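# Per-entry structural report
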Amino acid sequence: MSGMVSHKGTRTDTKITKKTFVPFLLTLRLCVKLIVVLMLPLGVSAQTRAIDWPKYQDMAVDLMQQYLRVNTSNPPGNEIEATRFLKKVFDQHGIESETFEYKPGRANIIARLKGNGSKRPIILLNHMDVVTAEPASWEVDPFAAIVKNGSIYGRGALDMKGEGLLQLMTMILLKEEGPPLARDVIFLGTADEEVNDEGSLWMIANKSSLFKDAEYLITEGGDNLLENGAVKIVGVDVAEKAPFWLRLTATGLPGHGSRPVSDSATNRLIRAMNRILDWETPVKLLPAVEQFFKDVAPLQPEPLRSEFANIRQSLIDPVFAKAMGSQREFNFLLRNTISITMLSGSKQTNVIPNAATCNLDVRLLPGESPEEFLKSLTAVIADPTIKIERVNRFKPPNSSPTNTELFSLIARKAKENHPGTIVTTKLLSGYTESQLYRQLGIVAYGWSPIYTTPEEDEGVHGNNERISVKNVREGTRELYEIVRDISR
Ligand SMILES: [Zn+2]
């Protein structure tokens, strides 16, 4: 239907001679007639009819419970069960979907609502696997989806079957109630995000033609703050740091512990680690981080309020910079960081080993070069006998711009739905699947209309993970309206 409209548009731009004019006019009339006829039962009535929200909100709560009962603890994942559940729902609503079982029990699912192609697609990305749960530490069965005190309990309620469910509801609502779409809306459910990203890596390696032309992607990663029942902060993840994990190995003369070797492997390694601990990596203020401090400044007491509001200026003061560096929640935003994590040396107290190792969990800011960092680190270690190796698949530091139609829409809608809220950008210290899709040139935002208290956040990868029924009901409408508005 909308295809004809654009066809008509292009025809009027071409030169019309007298000879072609009459047949053209006839075709045009026919087209218009067809458009009118087609629009009456479908487009017009669907657009003007009020949506029966309670019906869809009840459906959302019911489907949320069903989805949480599908056990996709990873390992082993078994996401094929989740794809079966989702496919059944898509089938019930006449939405085409395709499942890819890339290895036994491990599968991704993609569903698509076609637009007229005048805008590039938007992807609703959600991982279907969840981390394991220790039932003995939970108040309720983590896979029973029991409703208690207004919340639905279940592993994955927040990470991230809750958002996946809202994305599913958006597909249903667009199909049943939505306007004609200008862009394809793609639902992509993936396997294995919690362990190795196998699902997304497989899709990108084998099926990227299905989605790589997308303009936007929405997935997990945002961080919203609910306080005393009010949404205080809506955080959109626009950038993620890159894990750049390293192993240091020192070697030296072995021997008996009773006769010390001053430059033994362990001693050399400890000296190197001390130099690393004393190294203050340079402060770098990214635009998204500067924006974050400005956005949250009004929530701070003085003098922090003014210091955050002028963060670039404030950081020039070494005392202030030092104080910020000592705060866990701010330090990682401002620099590349290093945590010394794994350590190993001798297995026996009286044996000086010939090798000692430690692993560094290095996280680089977006825009940083791992090679440059390695050069600086090597200089800090200042011991050419210590071997430095990379130990992970490098995930490049990544970010998406904020001067986009989607970001503005999310911000505007958030303020409409939650007057007084602050919308801000987030740099994640960890990483989500966004980093894989940003590499394809897709603008990816970690955001969802799920608002949680810090106490509820503890359920993520912890015990008693839950999502409030209110979030499921209201989130259904909030996500739908944003995807609808960006897609028409
Ligand atoms: Zn997750």
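Predicted model only: the values in this text are computed from it and were never measured. (Residues numbered from 1 in each chain as written. Predicted model: local features only at pLDDT ≥ 70, side-chain atom pairs only at ≥ 80, totals over all residues. Heavy atoms only, no water.)

## Regarding the overall build of the chain
Each helix and strand counted, the chain has 17 helices and 19 strands in total. Seen along its three principal axes, the alpha-carbon backbone of the chain occupies a region of about 100 × 55 × 50 Å. On the chain, roughly 23,000 Å² of surface is accessible, and the fraction owed to carbon and sulfur atoms is 54%. Here the chain holds 58 positive side-chain charges and 58 negative ones, and the gap between their average locations is 7 Å. (Helix = DSSP H or I, 4+ residues; strand = E, 2+ residues; numbered from the N terminus. Areas by Shrake-Rupley, 256 points an atom, 1.4 Å probe, with all protein chains shown as cover. Lys, Arg positive; Asp, Glu negative; His and termini not counted. Charge placed at Lys NZ, Arg CZ, Asp CG, Glu CD.)

## Section: the packing of aromatic side chains
Summed over all chains, the structure comprises 13 aromatic pairs. Taken together, a centroid distance of 5.9 Å and an interplanar angle of 55 degrees make the contact between Phe211 and Tyr437 tilted. A residue pair is termed long-range when its members are at least 10 positions apart, and Phe211 in the loop between helix 6 (198-206) and strand 7 (216-219) and Tyr437 in helix 15 (residues 434-438) qualify at 226 residues. Here Phe308 and Phe330 contribute two aromatic rings whose centre-to-centre distance is 5.4 Å and whose plane-to-plane angle is 90 degrees, an arrangement assigned as edge-to-face. With Phe308 in helix 9 (residues 304-309) and Phe330 in helix 12 (residues 328-334), this residue pair connects regions lying 22 residues apart in the sequence. Judged by relative accessible area, Phe330 falls into the buried class, the value being 13%. A network of ring pairs unites the aromatic residues Phe292, Phe293, Phe308 and Phe330 as a single cluster. (Phe/Tyr/Trp six-rings, centres within 6.5 Å; stacked < 30°, edge-to-face > 60°. Buried < 20%, exposed > 50% of the residue type's maximum accessible area, 1.4 Å probe, protein only.)

## Thoughts on the packing of helix 3 (residues 53-68) against helix 4 (residues 80-92)
Each pair of packed helices can be summarised by the angle the axes make with each other and by the distance between the axes. Where helix 3 contacts helix 4, the two axes come as close as 10 Å, and the packing angle between them is 155 degrees. By the angle class used here, helix 3 and helix 4 are roughly antiparallel. Helix 4 is crossed by helix 3, and the crossing has right-handed handedness. Together, Leu63, Gln66 and Tyr67 of helix 3 and Ala82, Phe85, Leu86 and Val89 of helix 4 make up the contact between the two elements. Considering only residue class, the contact of helix 3 with helix 4 consists of six nonpolar, one polar and no charged. (Axes fitted to C-alpha atoms, helices over the stretch in contact; angles between N-to-C directions. Parallel < 35°, antiparallel > 145°, perpendicular 65-115°, else oblique. Left-handed = near helix turned anticlockwise from the far one by under 90°. Contact = heavy atoms within 4.5 Å. Nonpolar A, V, L, I, M, F, W, Y, C, P; charged D, E, K, R; others polar.)

## Overview of the sheet that holds strand 12 (residues 337-344)
Read across the sheet, four strands follow the order 12-14-10-15 without closing on themselves; strand pairing throughout is antiparallel. The sheet is open, and its two edges are formed by strand 12 and strand 15 (387-390), each paired on a single side. Averaged over neighbouring strand pairs, the angle between their axes works out to 25 degrees when direction is ignored. Each of strand 10 (242-251), strand 12 and strand 14 (355-364) is contacted by helix 7 (residues 265-278), which is oriented at about 20 degrees to strand 14, the strand it contacts most. (Pairing = 2+ DSSP bridges.)

## Structural notes on the side chain of Glu177
For Glu177, the location among the structural elements is in helix 5 (residues 161-177). A distance of 2.7 Å separates a polar atom in the side chain of Glu177 from a polar atom in the side chain of Tyr56. (Polar contact = N/O pair within 3.5 Å; in protein donor to acceptor, adjacent residues only side chain to side chain.)

## Here we look at the pattern of salt bridges
Side chains carrying opposite charge are able to pair once their charged atoms draw close together. Within the structure shown, the criterion is met by 31 salt bridges. Salt-bridge contacts for Lys322 lead to Glu280; the nearest nitrogen and oxygen are separated by 2.6 Å. With Lys322 in helix 11 (residues 318-325) and Glu280 in the loop between helix 7 and helix 8 (287-296), this residue pair connects regions lying 42 residues apart in the sequence. Like Glu280, Lys322 is exposed. Notably, a salt bridge pairs Glu455 with Arg466, separated by 3.9 Å at the nearest N-O pair. Here Glu455, found in helix 16 (residues 454-457), pairs with Arg466, found in strand 19 (residues 466-468); they are eleven residues apart in sequence, far enough to count as distant. Given the relative accessible area of 56%, Glu455 is considered exposed. The class for Arg466 is buried, based on a relative accessible area of 13%. If you follow the salt bridges from partner to partner, you end up with Arg412, Lys413, Glu416, Arg477, Glu481, Arg484, Asp485 and Arg488 in one network. (Salt bridge = Lys/Arg side-chain N within 4 Å of Asp/Glu carboxyl O.)

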